[in-house]
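Chains, contacts and geometry: an overview
The primary structure of each chain is shown beneath.
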Amino acid sequence: MKVCIISSSPRRKGNSALLCEQFAKGAKEAGHEVEIIHLSQYEMQPCFACEYCRHHDHVCVRKDDADKVISKMIAADVWVLATPCYFYSVSAQMKLLIDRFFAREYEVREDKKRRQVYYIVTSGAKGMDQMNGVMESLRGFIKVLRTIDEAGVIDGTGAFQLGDIAHHPAYIQAYEMGKNCH
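Reading the values: rules and limits
- Residues numbered from 1 in each chain as written.
- Predicted model: local features only at pLDDT ≥ 70, side-chain atom pairs only at ≥ 80, totals over all residues.
- Heavy atoms only, no water.
- Core = buried A, V, L, I, M, F, W, Y, C linked by side-chain atoms within 4.5 Å.
- Buried < 20%, exposed > 50% of the residue type's maximum accessible area, 1.4 Å probe, protein only.
- Helix = DSSP H or I, 4+ residues; strand = E, 2+ residues; numbered from the N terminus.
- Contact = heavy atoms within 4.5 Å.
- Salt bridge = Lys/Arg side-chain N within 4 Å of Asp/Glu carboxyl O.

Formed by 31 residues in total, the largest nonpolar core has its most connected members in I6, M73, W79, L81, L138 and I142. Secondary structure elements with two or more residues in this core: β1 (2-7), α2 (66-75), β3 (78-84), α3 (92-100), β4 (115-123) and α5 (132-145). Here this core gets six residues from one element, more than from any other, and that element is α5. Not counting the four nearest positions on each side in its chain, I6 is found in contact with C20, I37, L39, V69, M73, V80, L81, A82, M94 and L97. Membership of the second largest hydrophobic core comes to 21 residues, among which are I5, A82, I120 and C181.

Structure, rendered in structure tokens:
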């Protein structure tokens, strides 16, 4: 199985990025092919909402890295969407990716292949009640695509300082979910 992990933290070793590494470690040990994509290393511009893609075979008028990332996601069997919580929502990097999926959403909708999605969410605040906006954004995106099933949520709330997550229950949970993903 191909596992595509989207790390949207602007910090390469941020708490959500560390959970991505743990998920990847477990998935690799289970024999899966794994790629972690750090969105901060890709150039993506906002969607113009010009609808050029709707009339040109799902090709976006923007010429940046979004299509490359989206193609990797479409080729995968399992997605992991990881984001820190910033002001009760997903990171800017994750929001850009979600919006840029507009050009290619029908490829996923019309695909007969079912995929699984796992969510990794982190926040300095404690408790998932602080994550309503994050989860609504992520689940809303997946709902539009229609062919992806939620497989799990890794709750990394309450990890404020860089590296706090290494001593958090989510650290082991991410590894175990990666090892048991299907």
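On inspection of all chains with the given rule, the structure shows 14 salt bridges. Between K13 and E21 there is a salt bridge, and its shortest N-O distance comes to 3.0 Å. You can call E21 partly exposed: its relative accessible area is 30%. Residue R115 is joined to D111 by a salt bridge in which the shortest nitrogen-to-oxygen separation is 3.0 Å. Relative accessible area serves as the criterion here: at 1%, R115 is assigned to the buried category. Taking relative accessible area as the criterion, D111 reaches 26% and is therefore assigned partly exposed. Linked by salt bridges that have partners in common, R54, E105 and R109 make up one network.

Turning to the side chain of Q116, a few remarks are in order. The residue Q116 is located in strand β4 in this model. Residue Q116 is classed as buried on the basis of its relative accessible area, which comes to 17%. Leaving out residues up to four positions away in the same chain, Q116 has contacts with D77, V78, W79, I148, D149, E150, A151 and H182.

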